[in-house]
Amino acid sequence: MDFNLTLDAREKSDSNYDVAIVGGGPSGLTAAIYTCRAGLKTCIFESGVIGGEAASTDLIENYPGFPDGISGMKLTENMEKQARKFGVEIITDRVVKIEEDISSQYDEYKIIYTNSGQIKAKAIIITVGTKPKLLNVLGEKEYKGHGVSYCATCDGFFYKDKKIAVIGCGNSGIQEGLFLLRFVKQIEFVEFLPKPTAEKVLLDKIKKYDNVNFNLNSSLLSIEGNGKSVTHIKIKDNETNGIKEIKVSGVFIYVGLKPNTEFLEGFVKRDKSGYIIVDQNQHTNVHGVFAAGDATIDTVKQITTAVGSGARAANNARHYIENMKF
Amino acid sequence: MALELNERNFDQVINSGKIVLVDFGAEWCMPCKIMDPVTEELANEVDHEKVVIAKCDVQAEPKIAQRFSIMSIPTLLIFKDGKVMDQMIGVVPKRNIKEKIDQYIS
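It should be emphasised that the depicted structure is a prediction, and the values quoted were computed from it without experimental measurement.

J.: Explain the overall build of chain A here, please?
T.: Of regular secondary structure, chain A possesses six helices and 17 strands. For a compact globule of 326 residues, the expected C-alpha radius of gyration is about 20 Å, and chain A comes in at 21 Å, within 12% of that figure. Expressed along its principal axes, the backbone C-alpha trace of chain A runs to roughly 65 × 40 × 35 Å. Residue burial in chain A is summarised as follows: out of 326 residues, 54% are buried. Of the contacts made within chain A by residues no fewer than 6 positions apart, 60% connect residues no fewer than 24 positions apart. Looking at chain A as shown, the accessible area adds up to about 14900 Å², and 49% of this sits on carbon and sulfur atoms.

J.: Any chance you could explain helix H5 (residues 200-207) of chain A here in plain terms?
T.: Residues that lie three or four places apart on an α-helix share one face, since the helix turns once every 3.6 residues. All names here are of chain A. Of all the positions in H5, only Leu 202, Leu 203 and Ile 206 are classed as buried. For H5, the buried positions fall inside an angular range of 100° around the axis, keeping them on one side. More than 90 degrees from the buried face of H5, the exposed residues found are Lys 200 and Val 201. Buried residues along H5 sit in contact with helix H4 (171-180), strand S10 (186-190) and strand S11 (212-215).

J.: Looking at this structure, how should I read the packing of H4 of chain A against H5 of chain A?
T.: Angle between the axes and distance between the axes: these two values describe a pair of packed helices. Residue and element names in this part refer to chain A. As a packed pair, H4 and H5 sit with axes 10 Å apart at the nearest point and diverge in direction by 35°. As H4 runs across H5, the sense of the crossing is left-handed. Contact residues: H4 offers Asn 171, Ile 174, Gln 175, Gly 177 and Leu 178, while H5 offers Leu 202, Leu 203, Lys 205 and Ile 206. Taken together, the residues of the contact of H4 with H5 break down into five nonpolar, three polar and one charged.

J.: Would you take a moment to explain the interface of chain B and chain A for this structure?
T.: One frequent convention defines the size of an interface as the accessible area lost when the parts assemble. Taken together, the contact between chain B and chain A spans 20 residues of the former and 25 residues of the latter. A buried area of about 2200 Å², summed over both sides, lies between chain B and chain A, and 65% of it is on carbon and sulfur atoms. Area buried by chain B at its contact with chain A is led by Trp 28, Met 30 and Met 71 of chain B, which between them contribute 34% of it. Taken together, the links from chain B to chain A amount to one salt bridge. Glu 77 of chain A serves as the salt-bridge partner of Lys 33 of chain B, at 3.1 Å between the closest nitrogen and oxygen. Seen at the junction of chain B and chain A, the total is eight residue pairs in polar contact (both at pLDDT 80 or more). The set of elements that each furnish at least two residues to the side of chain B that touches chain A consists of helix H2 (30-45) and strand S5 (83-89) of chain B.

J.: How should I be thinking about the packing of aromatic side chains in this particular structure?
T.: Given two aromatic rings, one states the distance between the centres and the angle between the planes to describe the pair. Taken as a whole and judged by the stated rule, the model has ten aromatic pairs over all chains. The interplanar angle of 50° and the centroid separation of 4.8 Å between the aromatic rings of Phe 157 of chain A and Trp 28 of chain B together place this pair among those described as tilted. With Phe 157 of chain A in the loop between helix H3 (152-155) and strand S9 (163-167) and Trp 28 of chain B in the loop between strand S2 (19-25) and H2, the pair connects residues from two separate chains. The class of Phe 157 of chain A is buried, set by a relative accessible area of 13%. For Trp 28 of chain B, a relative accessible area of 24% puts it in the partly exposed group. These aromatic residues form a ring-pair network of at least three members: Phe 157 and Phe 158 of chain A together with Trp 28 of chain B. Directly above the ring of Tyr 17 of chain A sits Lys 41 of chain A, whose terminal nitrogen or CZ lies 4.7 Å from the centroid. Its guanidinium or amino end placed over the ring of Tyr 113 of chain A, Lys 97 of chain A lies 5.0 Å from that ring's centre, counting from NZ or CZ.

J.: What am I meant to see in the environment of Lys 85 of chain A here?
T.: Tracing the chain through its elements places Lys 85 of chain A in helix H2 (residues 72-85). With 49 residues separating them in the primary sequence, Lys 85 of chain A and Cys 36 of chain A have C-alpha atoms 9.3 Å apart.

J.: Is there a simple way to think about the sheet that holds S9 of chain A in this case?
T.: Two pairing modes exist for strands in a sheet, parallel and antiparallel, and in both the strands are linked by backbone hydrogen bonds. Residues and elements named next belong to chain A. A sheet is described by the order of its strands in space; here five strands give the open sequence S8-S15-S9-S10-S11, paired in parallel fashion. In this open sheet, the two edge strands, each paired with only one partner strand, are strand S8 (148-149) and S11. Sheet analysis places S9 next to S10, joined by five bridges and oriented parallel. What sits directly across from Ile 167, in S10, is Val 190. Running over the sheet, H4 touches S9, S10, S11 and strand S15 (250-253) and is turned about 170° from S10.

J.: So what exactly am I meant to see when it comes to the sheet that holds strand S14 (residues 243-247) of chain A here?
T.: All names here are of chain A. Ordered by their spatial adjacency, three strands build an open sheet running S12-S13-S14, and the pairing between neighbours is antiparallel. Since the sheet does not close on itself, it has two edges, and those belong to strand S12 (218-225) and S14, each with one partner. Within the sheet, the average angular offset between the axes of one strand and its neighbour, ignoring direction, is 25°. In the sheet, strand S13 (residues 230-237) pairs with S14 via five bridges, with the strands oriented antiparallel. Looking at S14, one finds that Lys 234 is bridged to Glu 245.

J.: Would you take a moment to explain the pattern of salt bridges for this structure?
T.: Where charged atoms from two side chains of opposite charge approach closely, those side chains can pair. Residues and elements named next belong to chain A. One pass over the structure, following the stated rule, counts 20 salt bridges over all chains. Here Glu 61 makes a salt bridge to Lys 205, at a shortest N to O gap of 2.8 Å. With Glu 61 in the loop between strand S2 (42-46) and H2 and Lys 205 in helix H5, the pair connects residues that are 144 residues apart, well separated along the chain. Classification of Glu 61 as partly exposed rests on a relative accessible area of 44%. Residue classification places Lys 205 among the partly exposed residues on the basis of a relative accessible area of 29%.

What counts as what
Residues numbered from 1 in each chain as written. Chains lettered and ligands numbered in written order. Predicted model: local features only at pLDDT ≥ 70, side-chain atom pairs only at ≥ 80, totals over all residues. Heavy atoms only, no water. Helix = DSSP H or I, 4+ residues; strand = E, 2+ residues; numbered from the N terminus. Rg over C-alpha atoms; globule rule 2.2 N^0.38 Å. Buried < 20%, exposed > 50% of the residue type's maximum accessible area, 1.4 Å probe, protein only. Contact = heavy atoms within 4.5 Å. Areas by Shrake-Rupley, 256 points an atom, 1.4 Å probe, with all protein chains shown as cover. Arc of directions from axis to C-beta. Axes fitted to C-alpha atoms, helices over the stretch in contact; angles between N-to-C directions. Left-handed = near helix turned anticlockwise from the far one by under 90°. Nonpolar A, V, L, I, M, F, W, Y, C, P; charged D, E, K, R; others polar. Buried area = accessible area lost by both parts, 1.4 Å probe. Salt bridge = Lys/Arg side-chain N within 4 Å of Asp/Glu carboxyl O. Polar contact = N/O pair within 3.5 Å; in protein donor to acceptor, adjacent residues only side chain to side chain. Phe/Tyr/Trp six-rings, centres within 6.5 Å; stacked < 30°, edge-to-face > 60°. Lys NZ or Arg CZ within 6 Å of the ring centre and 35° of its normal. Pairing = 2+ DSSP bridges.

This is the structure:
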C-alpha cells in the first residue's frame, strides 16, 4: 500500500471539497471512485483501517469476480488503489462533528470537524460502517489483548495448538472459526440462540471438522483467568440454567455489530440501534448528506451491498451538487 | 526509521535510558499495516536524544512476544528503564501515542 499520500487534516484545513466521505471501507472507497471519476474533488476521512471490517476478513467468497475467493486485505487494498488512482485524498483523522455552515454566503456548505482541524464540503457521504459489539461480560475488558480478541486474522497465530472459544455462530463467527482451525487444537462455539444463524455453506464446512463443539442455546457468563491470561469461560444453558466451565486459552467474540454513528447525534436521523435512516437514494434527512454501507438501515450487511449503496450515494451526491447554486 | 528489534538488540535498546516505544505487529495483520506509517512518522518527529521508536515482528521474534504476553496485534508498549510503563492495543492515532510518550519524558 502507498501511504505517502496520507495527509493530516491540519495540513488540509484550508481546503474545500466537493464531496467528503466519512469512512474508508468498501462503501466509501466505491463512492470515491464514482465521485472522483465525475470530476468532483473528493476526500475520505478514516481514523482506523482503510478497508474497514472487510479488510480483516480472511477469505471472502461471496464477492463476485473472484471464483476462488479473495482475502479481505487484498480486495480492500485493490479498492484503495483504484480510488487513489482517480484522485481521492485519504485523510487519517477522526471526524467528531458535522454541521451546516450557516455563515456561508453560498448554498449550504457543510463543516466537518476532526480531531485536528476542520474542512468544508458541498456534499457528505457517511460510510462509517460498524464495529464489533462488546458482550459486556466479566473479564472481557480485563483480558482484551491477553486472550480476548475480535480479529481472528490478526491474532489466530498466537493460539497455535490451543483450545479456544468462539462466541457467536453467525456468518462472522463460523467464517473466522474456519480460519482459526488452521492454528488451534479445538474450538468450543457458544451460541445464544438454539440454532447457528450462519449460511448453510459455512455450516457444512465447519461440520466436517471433528475438533469443534457447539454449545447452543447458551449464554457466556464470564471470561476468567489468572490475571495475565485467560484460563476458562463460564457458560449457562438457557433452558436448564445449568452452568458449565470450559477451559480455553482464548476467546474470539463475534456477537454482532454496532454502527459507528455516535458522532452524528443531533445531526442526522438514526434508528433505535443507531443505524442511519436513508431513503432509496441514500439521502439522509439532512439536505446534501448521504449515507451508505453497513451503518445504514439496510439489513443486509455485505460488501456487495456496501459497494452498491456507495455507488448510489455517490451518483446522488453528484446530482445534488450539480443542482446547487454557487 | 523505526528501529527493528530482535533477540540480540532488544534488551540493550529497552535499557538504553531512553523512552522506547515498541510496535508489535506482523505482515499478515491489516491493522498493523495501518500502524507502519504512523510509527515511521513518529520516528522522524521525536527527539532522538530522549525517545526511540522501534518495531518488533511477532512471527520472527516469538520469544519476545511471549515474554510480554502479546496475544493481540498491533500492540504498542512503552518502556522506561526496561520496564513496561504503558500499553495500547489496536489502531491508535498518532497524537494519542505522542501524548503518552510525552508523559514519560522527564
